[in-house]
Amino acid sequence: MTISSASASSAESSDQLVLRVAVSAFLGRYRGQTRVHTESDLRVFLRWCTEHGLDPLAAARVDIERYVRWLQDVRRYQPSTVSRRLSVVVGFYRVCVIDAILEHSPADYVRRPTVPAESPTLGLGHLQFEALITTARKSSNPNDFALVALLGLLGLRIFEACGSNIADLGEEHGHRVLRVRGKGGKVVLVPLPPAVARAIDRAVDERTNGPILRNTHGRRMDRHAATRRLKHLAQAAGIRMPRMHPHMLRHTFVTTMLDAGVSLRDVQIAARHADPRTTMRYDRARKNLDRHPNYILAAYMASGT
């Protein structure tokens, strides 16, 4: 190796070291699943930089704009996903400025995509949800009923449901409760209604430790196995949905609670939404369909149709 190539290699190693330190400092601000998801989003950006021969610490605003266009036009992500992944990039560069790795952030003036006021995810209707619960309760796989109960009747996120252990079950002030580790490592006690408690008891059976939800191999259920089980249950229940996935049941938890007359504030607390606008997005999506003027026109012209 020549002196010039050795110095170039040394400079490259130094740049990589600084980048690793910057990434570590940024991710160190997060815990639990929030850290996992943040790291995943940041990894997408860093991989994009590598594929385009770009040093992330030498990026300019136009490079971040190109990344956003790539997310929109090539990967075709929803505006909410693009906005989330851009937020991670913005946060990363903000920490770089705080730690004096960069003088200014190249992401400061990047235009954020407009996120619709209503959620693109639609929950199940009341009868659909009822059919899904009945099918899951009658399933020969006891994990099916517990899965639907944890997601749809408790409103847990899929990582919270799959991460729940038998040791997290307990009693507080006469209530059966489940200790849930949510976003950012926050721990909350969620009361178990009798139907949910029965579903969990069936899944747990005589076991005294380990995960509450298990896959067909007896190991901890993950989000992929959960999605497959939900698709199977929806098909068995005669529910026609273009894409059945776990978050749909969390959405159903919110909209069904609102239909039952629970106040928006109480639903926000139950769903553990930090911002009430998140809960309102779910509500708007439901009302936009329930109150759509197409139904009024069809009813008005019913005699001719």
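Quantities reported herein were computed from a predicted structural model and do not represent experimental measurements. (Residues numbered from 1 in each chain as written. Predicted model: local features only at pLDDT ≥ 70, side-chain atom pairs only at ≥ 80, totals over all residues. Heavy atoms only, no water.)

Some words on helix H2 (residues 32–51)
Helix length check: H2 (20 residues) gives 29 Å between terminal C-alpha atoms against 28 Å at 1.5 Å per residue, within 8%. Residues of H2 that are buried include every one of Thr-38, Asp-41, Leu-42, Val-44, Phe-45, Leu-46, Trp-48 and Cys-49, and no others. Of the residues one or two after H2, Gly-53 is the one with positive phi, at around 60°. (Helix = DSSP H or I, 4+ residues; strand = E, 2+ residues; numbered from the N terminus. Expected span 1.5 Å × (residues − 1). Buried < 20%, exposed > 50% of the residue type's maximum accessible area, 1.4 Å probe, protein only.)

A few points about a positive patch on the surface
A grouping of Arg-137, Lys-138, Arg-198 and Arg-202 is seen on the molecular surface, where their side chains present a positively charged patch. Mapping Lys-138 onto the fold places it in helix H5 (residues 126–138). Overall, the relative accessible area of 65% leaves Lys-138 in the exposed class. (Patch = residues over 30% accessible without salt bridge, like charges linked within 9 Å, V, L, I, M, F, W, Y side chains within 5 Å. Areas by Shrake-Rupley, 256 points an atom, 1.4 Å probe, with all protein chains shown as cover. Salt bridge = Lys/Arg side-chain N within 4 Å of Asp/Glu carboxyl O. Lys, Arg positive; Asp, Glu negative; His and termini not counted. Charge placed at Lys NZ, Arg CZ, Asp CG, Glu CD.)

Some points on the pairing of strand S1 (residues 169–172)
As judged from the four bridges shared by S1 and strand S2 (residues 175–181), these two strands associate in the antiparallel manner. Looking across to S2, one finds that Glu-171 is bridged to Arg-176. Taken together, S1 and the strand that follows it, S2, pair antiparallel across an intervening segment of two residues, in which His-173 is found at a positive phi of about 55°. (Pairing = 2+ DSSP bridges.)

What to know about the confidence of the model for the protein
When pLDDT is averaged along the protein, the result is 87; 87% of the residues meet or exceed 70. With pLDDT under 50 throughout, residues 1–8 is counted as low confidence; its partners more than four residues away or in other chains account for one contact. (pLDDT = per-residue confidence, 0-100. Contact = heavy atoms within 4.5 Å.)

Section: the pattern of salt bridges
Under the defined criterion, the tally for this structure stands at 11 salt bridges. Taking the shortest distance from any N to any O, the salt bridge between Arg-84 and Asp-41 comes out at 2.8 Å. Taken together, the residues Arg-84 in helix H4 (residues 79–98) and Asp-41 in helix H2 connect sequence positions 43 residues apart. Using a relative accessible area of 40% as the deciding quantity, one classes Arg-84 as partly exposed. Among the salt bridges present, the one from Arg-229 reaches Asp-144, with a minimum N-O distance of 2.7 Å. Separated by 85 residues along the polypeptide, Arg-229 in helix H9 (residues 223–236) and Asp-144 in helix H6 (residues 142–153) bring together distant segments of the chain. Given a relative accessible area of 19%, Arg-229 falls into the buried group. Here the salt bridges do not stand alone but share partners, grouping Asp-41, Arg-84 and Arg-85 into one network.

Points about unusual backbone geometry
Of note, Asp-205 is a non-glycine position whose phi angle comes to about 60°, a positive value. One non-glycine residue, Arg-272, adopts positive backbone phi at about 60°. A residue is classified by how much of its surface remains accessible, and Arg-272, at 21% relative accessible area, is partly exposed.

Some remarks on the packing of H6 against helix H8 (residues 194–204)
With their axes 8 Å apart at the nearest point, H6 and H8 run at an angle of 145° to one another. In the packing of H6 onto H8, the handedness of the crossing is left-handed. Here H6 contributes Pro-142, Asn-143, Phe-145, Ala-146, Ala-149, Leu-150 and Leu-153 to the contact with H8, which in turn contributes Ala-195, Val-196, Ala-199, Ile-200, Arg-202 and Ala-203. Class assignment of the residues belonging to the contact of H6 with H8 gives a composition of 11 nonpolar, one polar and one charged. (Axes fitted to C-alpha atoms, helices over the stretch in contact; angles between N-to-C directions. Left-handed = near helix turned anticlockwise from the far one by under 90°. Nonpolar A, V, L, I, M, F, W, Y, C, P; charged D, E, K, R; others polar.)

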